[in-house]
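Analysis of the macromolecular model
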Amino acid sequence: MGRVEDKVALVTGAGQGIGRATALLLAREGAAVAVTDIDGQAAETVAERIRAGGGRARAWTLDVSVEAEVAAVVAEAGKEFGRLDILVNNAGITGANGTAEETSEADWDRVMATNAKGVFLCTKHAVPLMRRAGGGSIVNLSSVYGIVGSHNVAAYHASKGAIRIMSKTDALAFAEDHIRVNSVHPGFIWTPMLEAGAQVPGVAPEAVHAAMAKLHPLGTLGEPDDVAHGILYLASDEAKFVTGSELVIDGGYTAR
Ligand code: NAP
């Protein structure tokens, strides 16, 4: 018996990185998975892998910042699998590097639209289905950057802080419906997102990797599965008394 046996999950940004690891793990633990990503082909590849392993999955192209797309895909996933129990709001972008002074209005809007508005829209359209199912679990990907500041990515910090407090507000709003809402706060996880951010002109990628690892007291970067296992816990009934909480998975980054 899997840890999320017979549940139905929808994961956003599931074509690669943490979302992909989460979709694969939820499927391995018995959930049917709606694999969604702005890159529909990447989502399809993940769904095919789940089906090839004997699991249940279907892929959708979904840009979480567009309400019409969110409404349509959530409704279709509900019809395809008959219910919705788990929503993992994982899709996110870092946007351009920069302080508030250096960030353009367009970049600010793009980051907030994907990260903060995306969580809002997917939650808004998933809640009625979860209520009908008698409850559910929403897991929102924030970051250590939603807890502490840095010198860079001002819009990203703002969006991840917004996700942290949205999670608590939604936890209170939907507690009576037995819908739990929690945020997850990863440290630096080696995914395509981090790989892209590690391109420093004139510095070897290995040196950037080592410098990033040193930021974490455990001395390494995280792997997508380190985060996926935390998400699985929050998604499962093992966390039935957990809502409005913050699960920090950061190798000690924020412990100082
Ligand atoms: P990733 O490797 O960049 O994967 C994110 C996925 O989301 C990509 O497939 C991306 O597609 C997709 N996506 C981008 N914009 C989207 C949109 N508007 N609608 C739907 N999908 C969209 O990122 P990751 O590192 O796995 O991160 C996953 C989540 O964890 C993010 O919310 C991130 O902020 C958070 N997080 C990551 C780290 C880390 O160190 N990696 C640390 C803390 C928190 P494209 O590639 O086609 O754009």
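Attention here is on the structure that accompanies the text. Numbers given to residues run from 1 along each chain, matching the order in which its sequence is written. The model is predicted, so local features are restricted to residues of pLDDT at least 70 and side-chain atom pairs to those at 80 or more, both for listing and for counting; the totals for chains, interfaces and linings are taken over all residues. Excluded from the side-chain calculations are hydrogens and water; all other atoms, namely the structure's heavy atoms, are used.

Focus: a nonpolar patch on the surface
Heads up, the condition is: To count toward a patch, a residue needs a relative accessible area above 30% and no salt bridge. Like charges then connect within 9 Å, nonpolar side chains (Val, Leu, Ile, Met, Phe, Trp, Tyr) within 5 Å. Areas reported as accessible are Shrake-Rupley estimates using a 1.4 Å probe. Residue values count occlusion only from the protein chains shown. Whenever a carboxyl oxygen of Asp or Glu lies within 4 Å of a side-chain nitrogen of Lys or Arg, that contact is scored as a salt bridge. Secondary structure elements follow DSSP: runs of H or I of four or more residues count as helices, runs of E of two or more count as strands, with numbering from the N terminus. Summary of the burial criterion: residues with accessible area below 20% of their type's maximum are buried, those above 50% are exposed, and those between are partly exposed, where the area comes from a 1.4 Å probe applied to protein chains only.
A cluster of nonpolar side chains, contributed by Ile-147, Val-148 and Val-248, occupies part of the molecular surface with about 180 Å² of accessible area. Here Val-148 is to be found in the loop between strand 5 (136-141) and helix 5 (154-173). Exposure remark for Val-148: the relative accessible area of 31% places this residue in the partly exposed category.

A look at the pairing of strand 2 (residues 32-37)
Defined as follows: Pairs of strands are assigned from DSSP output, requiring at least two bridges between the strands. Whether a crossover is right-handed comes down to one check: with the strands pointing away from the viewer, does the path from the first strand over the helix to the second run clockwise; if it does, it is right-handed.
With six of six residues buried, strand 2 is to be regarded as a mostly interior element. Relative to strand 2, strand 1 (residues 8-11) runs parallel, the two sharing four bridges. Paired with Leu-10 across the two strands is Ala-34, which belongs to strand 2. Where the polypeptide runs from strand 1 across helix 1 (residues 17-28) and back to strand 2, its parallel neighbour, the crossover connection is right-handed. As paired elements, strand 2 and strand 3 (residues 57-61) share five bridges and run parallel to each other. Each bridged residue has a counterpart across the sheet, and for Val-35 the counterpart in strand 3 is Ala-59. With helix 2 (residues 40-52) bridging strand 2 and its parallel neighbour strand 3, the resulting β-α-β unit is right-handed.

Describing the packing of helix 1 against helix 2
Applicable threshold: For helices, the fitted line uses only the C-alpha atoms of the stretch in contact; every axis is such a line through C-alpha atoms, and the angle between N-to-C directions lies from 0 to 180 degrees. Orientation labels follow simple angle bins: below 35 degrees gives roughly parallel, above 145 gives roughly antiparallel, 65 to 115 gives roughly perpendicular, and whatever is left gives oblique. Crossings are sorted by hand: turned counterclockwise from the far helix by less than a right angle, the near helix makes the crossing left-handed, and turned clockwise it makes it right-handed. Only heavy atoms matter for contacts: two residues are in contact if any of them lie within 4.5 Å across the pair.
Between helix 1 and helix 2, the shortest axis-to-axis distance is 10 Å and the interhelical angle comes to 20°. With respect to helix 2, the element helix 1 is oriented roughly parallel. In this structure, the crossing between helix 1 and helix 2 has a hand that is right-handed. Across the interface between the two elements, Arg-20, Ala-23, Leu-24 and Ala-27 from helix 1 touch Val-46, Arg-49 and Ile-50 from helix 2.

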